[in-house]
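Here is how the chains run, residue by residue.
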Amino acid sequence: MRIWLLALAFLATTAVAADSVLLGFDADGSKAERELEARFDADLDAGDLDRWLKRLSARPHHAGSQATRENAQFLASLLEGWGYDVTVEEFDVLLPTPRQRVLELVAPTRFTPSLTETSLPEDPGTSVRADLLPPYNAFSIDGDVEGELVFVNYGLPEDYEMLARYGIDVAGKIVIAKYGHSWRGIKPKLAAEHGAIGTIIYSDPAEDGYAVGDTYPNGPYKNATAVQRGSVMDMPTYPGDVLTPGEGATEAAERLDREEAPTLTKVPVLPISWTDAQPLLEALGGPVAPPAWRGALPITYHIGPGPARVHLALAFDWNRITAYDVIARLEGAAYPDEWVIRGNHHDAWNNGAADPVAGLVSMLAEARAISRLAKAGDRPARTVVFAAWDAEEPGLIGSTEWAEAHAAELQEHAVAYFNTDSSARGFIGIGGSHTLEHFLNQVMADVPDPQTEQSVKARRRAWMKVHAANGVDRAEARRDDLRIYPLGSGSDYTPFLQHLGVASADFGFGGEGEGGSYHTLYDTYEHYTTWRDPGLAYGVALARVTGRATLRFANAPRLPFEFTALADSVALYVSELEELARNLREETERSNRLIEAGDYGLALDPEEQLGPPQRKEPVPYFNFAPLKNAADRLREAAENYSEEAGGARPSPELNRLLYTSERVLTRREGLPGRPWYKHYVYAPGFYTGYGVKTLPAVREAIEQRQYDAVEGAVADVAEVLNAMAARIETITRAL
């Protein structure tokens, strides 16, 4: 404790000297806010986090289970006892659970995978219980198929291009893909688009297993029988309940028939361990896989098709379950109609110690400390809402249904949304709206790292310098404000940021506590406290970071938005689009020349000639001038705001203009082909899932070679950026 206090005192002193005035506060207000945060810190206790972690991860608690309902009740009772106004909102959502899982190698030999994970005597949390869901992929369709097997590497678009060069067509076949390099739901999506009839996904030890380090229980990494569960819902189309897109799944909601739901997979999908995958891969013939495709199993990786032939039969119980969202409100003392929302989900695929309970207990510590400050007379100026979401794992369902059900209120009142999820030890990572970047840098500068006693910002900068691979990386590490990363999808910020246009941020620590447990039987209290965050020091650090973000946003007289980082990032994204188009044009021209010359390389076997790459339509020259002009206007408007904002007198009217500014980056009609996603700067990629696509309407039109759509997309994005510049100009005049 003494070391912590010394570190805090040192960092507070250096922070005040370097950046004494907090964004949104004056000098006196900054001093008072930091004094409040010191009292907040004093209330955080790792022992409390440990007890909550052990309690909440004691049993498997997937959405729809009795344990999840009991955890929701436990969370509600805690928050209510701390003085919050608590409601548990219920949503009626579809969640399939497995009734039949059959996988068999039927030729050239026979093998029946176990499809189970092994309990470990060293970890009582791994006991297989009746309330544990077996490994499966939620929102796979039912199916009973048999066909030749084809290895498709990670199952990405470029992998299917390589298969075509080998003359391999997956139509009518079952594919086996490695986890990694894209969100899992993209793998069956692309397989179906190429005519496959089923998909198997496995975790190769090259990514997370003995090739990386010791496996659990001797180390943190995935062991031989571990299987990553997870949703394969087509979330890039829309997340949430598959039957009620755009509408909260209440009793009165209109529902699609299941057969009409566009976000179910088109083929059956099953995840397996590498132990179960190895005999299937060993049975493959055909070409030897390219070096980049090979994993770490002790086999020669072949592509197929055949002679391996497999039978895959899946059937699900398509039941509607109740999702329980725990919503706790602490009304603001000065601006009760302005809401700062802080969320973390509470459901898990299994015991869920890392995902999501590690983030959840940090949020609980934050909520309790803020409530105690309020009882001592320091109630936040704005209303603070703490939310524990249910059914995140199957597809961001609890948060999406709540956001859809309360969309009108949130558009009116939501100031910002701050999210956590799984976390570990190591380096701070923050993604979010770039209007929050400077604010978040000030937060990071004021929190000590548990290992080094420097700020978490300084430690992150040191990591960036060590890992800089080029001049661009080194320049990024030297920026005064570290650039936060843009958000794609994968957690509960999605409905707030990308559907409603609420400025959002996602927080977590990682880099030194990785491996092994994600969505497996082994995500237990024992695994987490042994390998991911022993002593929960980083759980406390996470509460310090998110607590400052919540408190400063709740208390700042002028909301701490700032626009130069947004303008800088938008300019970067526009330059990336130019580079994307240029590189794609050069690559296409080169590929087409090689095809014409008949010079397209050999396979690994010198006697086996690789076929030509598919000839591509030439890439035209695009007019990016409207985007560049809009980016320049945005930059100028942002700089003018920064010059004028320092001495501005805050007012409710000014703050409303600020917190609704993120809404200006949305369009009512949404993105082309997926209207649920309305943000025109950030979106999950249609073929990446979690991975972000910035300026997505333009970027994806180019990447997907829909060249006729580029001009219209450029005009739409330029209109959005000009509208944002106009909003900033209006705010500057209002100062």
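Throughout this description, residue numbers start from 1 for each chain and increase along the sequence as written. At least 70 in pLDDT is required for a residue's local features to be given in this predicted model, at least 80 for side-chain atom pairs to be given and counted, and no such filter applies to totals for whole chains, interfaces and linings, which use all residues. Excluding hydrogens and water, the side-chain figures rest on all heavy atoms present in the structure.

### Side note on the overall build of the protein chain
Line of reasoning, step 1. Secondary structure is summarised from DSSP: a helix means a run of H or I of at least four residues, a strand means a run of E of at least two, and numbering begins at the N terminus for each. Along the protein chain, the regular secondary structure elements total 22 helices and 15 strands.
Line of reasoning, step 2. We compute the radius of gyration from the C-alpha atoms alone; for a globule the expected value is 2.2 Å times N to the 0.38, where N is the number of residues. Taking 735 residues into account, the globule formula puts the C-alpha radius of gyration at 27 Å, and the protein chain, at 26 Å, falls close to it.
Line of reasoning, step 3. For every residue, the accessible area (1.4 Å probe, protein chains only) is compared with the maximum for its type, and the residue is labelled buried under 20%, exposed over 50%, or partly exposed between those bounds. Here the protein chain holds 735 residues, and 61% of them are scored as buried.
Line of reasoning, step 4. The contact criterion used is simple: two residues touch if any of their non-hydrogen atoms lie within 4.5 Å. The long-range fraction of contacts in the protein chain, counting pairs at least 24 apart against all pairs at least 6 apart in sequence, stands at 79%.
Line of reasoning, step 5. As displayed, the protein chain offers around 27000 Å² of accessible surface, 50% of which is attributable to carbon and sulfur atoms.
Line of reasoning, step 6. Taken together, the 70 basic and 106 acidic charged side chains of the protein chain have centroids lying 3 Å from each other. Surface accessibility in these figures is a Shrake-Rupley result with a 1.4 Å probe; residues are shielded only by whichever protein chains are displayed. His is not counted, nor are the chain ends, whereas Lys and Arg count as positive and Asp and Glu as negative. A charge is said to be at NZ when it belongs to Lys, at CZ for Arg, at CG for Asp and at CD for Glu.

### Considerations on the pattern of salt bridges
Line of reasoning, step 1. A side-chain nitrogen of Lys or Arg and a carboxyl oxygen of Asp or Glu constitute a salt bridge if their distance falls within 4 Å. Per the counting criterion, the structure on display carries 41 salt bridges.
Line of reasoning, step 2. The shortest N-O distance in the salt bridge between Arg34 and Asp446 comes to 2.9 Å. Taken together, the residues span a long stretch of sequence, with Arg34 in helix α2 (residues 27-42) and Asp446 in the loop between α12 (437-445) and α13 (456-466) at a distance of 412 residues. Across the pair, Asp446 and Arg34 agree in class, each one buried.
Line of reasoning, step 3. Put simply, Arg479 and Asp568 hold a salt bridge, and the shortest N to O gap is 3.0 Å. Of this pair, Arg479 sits in the loop between α14 (471-478) and α15 (494-499) while Asp568 is found in helix α18 (residues 564-597), placing the two residues 89 residues apart along the sequence.
Line of reasoning, step 4. Among the residues examined, Asp568 registers a relative accessible area of 32% and is labelled partly exposed.

### Quick look at the side chain of Ser517
Line of reasoning, step 1. Tracing the chain through its elements places Ser517 in the loop between β13 (504-511) and α16 (525-532).
Line of reasoning, step 2. Polar contacts, as counted here, are pairs of nitrogen or oxygen atoms within 3.5 Å of one another; within protein the pair requires one atom able to donate a hydrogen and one able to accept it, and residues that are adjacent in sequence qualify only if both atoms are side-chain atoms. Within polar-contact distance, the side chain of Ser517 engages the side chain of Arg532 at 3.4 Å.
Line of reasoning, step 3. The residues contacting Ser517, other than those within four sequence positions of it, are Pro220, Ala354, Tyr522, Asp523, His527 and Arg532.

### Some details on a negative patch on the surface
Line of reasoning, step 1. Taken together, Glu80, Asp85, Glu331 and Asp337 make up a surface patch of like negative charges.
Line of reasoning, step 2. Mapped onto the elements of the fold, Glu331 is located in the loop between β8 (309-330) and β9 (335-345).
Line of reasoning, step 3. In this structure Glu331 comes out as exposed when scored by relative accessible area, which is 53%. Nonpolar side chains (Val, Leu, Ile, Met, Phe, Trp, Tyr) within 5 Å and like charges within 9 Å form the patches, drawn only from residues with over 30% relative accessible area and no salt bridge.

### Some details on the environment of Ala697
Line of reasoning, step 1. By the element assignment, Ala697 lies in helix α21 (residues 696-703).
Line of reasoning, step 2. Taking the relative accessible area as the measure of exposure, Ala697 reaches 8% and is therefore buried.
Line of reasoning, step 3. Separated by twelve residues in sequence, Ala697 and Ala709 have C-alpha atoms that sit 8.8 Å apart.

### What about the side chain of Thr550?
Line of reasoning, step 1. Here Thr550 lies in helix α17 (residues 537-555).
Line of reasoning, step 2. For Thr550, a relative accessible area of 0% corresponds to the buried category.
Line of reasoning, step 3. Dropping the residues within four chain positions of it, Thr550 is found in contact with Val340, Arg342, Glu366, Ile370, Val384 and Phe418.

### Considerations on the packing of α2 against α17
Line of reasoning, step 1. With axes taken as lines fitted to C-alpha atoms, and helix axes fitted only over the stretch in contact, angles between N-to-C directions fall between 0 and 180 degrees. The geometry of α2 relative to α17 is characterised by a closest axis approach of 11 Å and an angle of 140° between their N-to-C directions. As the angle between them shows, α2 and α17 are arranged oblique. Crossing handedness for the pair α2 and α17: right-handed. Across the interface between the two elements, Glu33, Arg34, Leu36, Glu37, Phe40 and Asp41 of α2 pack against Ala543, Arg544, Gly547, Arg548, Leu551, Arg552 and Asn555 of α17.
Line of reasoning, step 2. Tallied by class, residues from the contact of α2 with α17 come to four nonpolar, two polar and seven charged. Every angle not falling under 35 degrees, over 145, or within 65 to 115 is termed oblique; those three ranges are roughly parallel, roughly antiparallel and roughly perpendicular. With the far helix as reference, a near helix turned anticlockwise by less than a right angle produces a left-handed crossing, and one turned clockwise produces a right-handed crossing. In this count, Pro and Cys sit with the nonpolar residues alongside Ala, Val, Leu, Ile, Met, Phe, Trp and Tyr, while Asp, Glu, Lys and Arg are called charged and the others, Gly among them, polar.

### Considering the pairing of strand β5 (residues 198-202)
Line of reasoning, step 1. When you tally the buried positions in β5, you get five out of five residues, the bulk of the element.
Line of reasoning, step 2. Side-chain alternation along β5 places Gly198, Ile200 and Tyr202 on one buried face and Thr199 and Ile201 on a second face that is also buried.
Line of reasoning, step 3. When DSSP locates at least two bridges between a pair of strands, those strands are taken to pair. With five bridges connecting them, strand β4 (residues 174-178) and β5 associate as parallel partners. Bridging from a neighbouring strand, Ile174 pairs with Gly198 of β5.

### Some words on the nonpolar core
Line of reasoning, step 1. What we call a nonpolar core is a set of buried Ala, Val, Leu, Ile, Met, Phe, Trp, Tyr and Cys residues that are connected through their side-chain atoms within 4.5 Å. Ranked by internal contacts, the top residues of the largest apolar core, which has 205 residues, are Tyr84, Tyr202, Leu281, Phe418, Phe553 and Leu627.
Line of reasoning, step 2. With residues up to four places along the chain from it excluded, the contact list for Tyr202 reads Phe151, Ile176, Ala177, Lys178, Tyr179, Ile272, Ser273, Trp274, Ala277, Leu281, Leu297 and Tyr301.

### A look at the packing of α13 against α14
Line of reasoning, step 1. Closest axis-to-axis distance for the α13/α14 pair is 9 Å, and the angle between their directions is 165°. Here α13 lies roughly antiparallel to α14, going by the angle between them. Between α13 and α14 lies a crossing whose hand is left-handed. Contact with α13, carried on its side by Arg461, Met464 and Lys465, involves Glu476, Ala477 and Arg478 of α14 and no other residues of that element.
Line of reasoning, step 2. Its residues placed into classes, the contact of α13 with α14 shows two nonpolar, no polar and four charged.

### Focus: helix α10 (residues 397-405)
Line of reasoning, step 1. The element α10 is extensively covered by neighbouring structure, given that eight of its nine residues are classed as buried.
Line of reasoning, step 2. Within α10 the residues assigned to the buried category are Ile397, Gly398, Ser399, Thr400, Glu401, Trp402, Ala403 and Glu404.
Line of reasoning, step 3. Contacts made by the buried residues of α10 are with β1 (85-107), β8, β10 (382-389), α11 (407-413) and α15.

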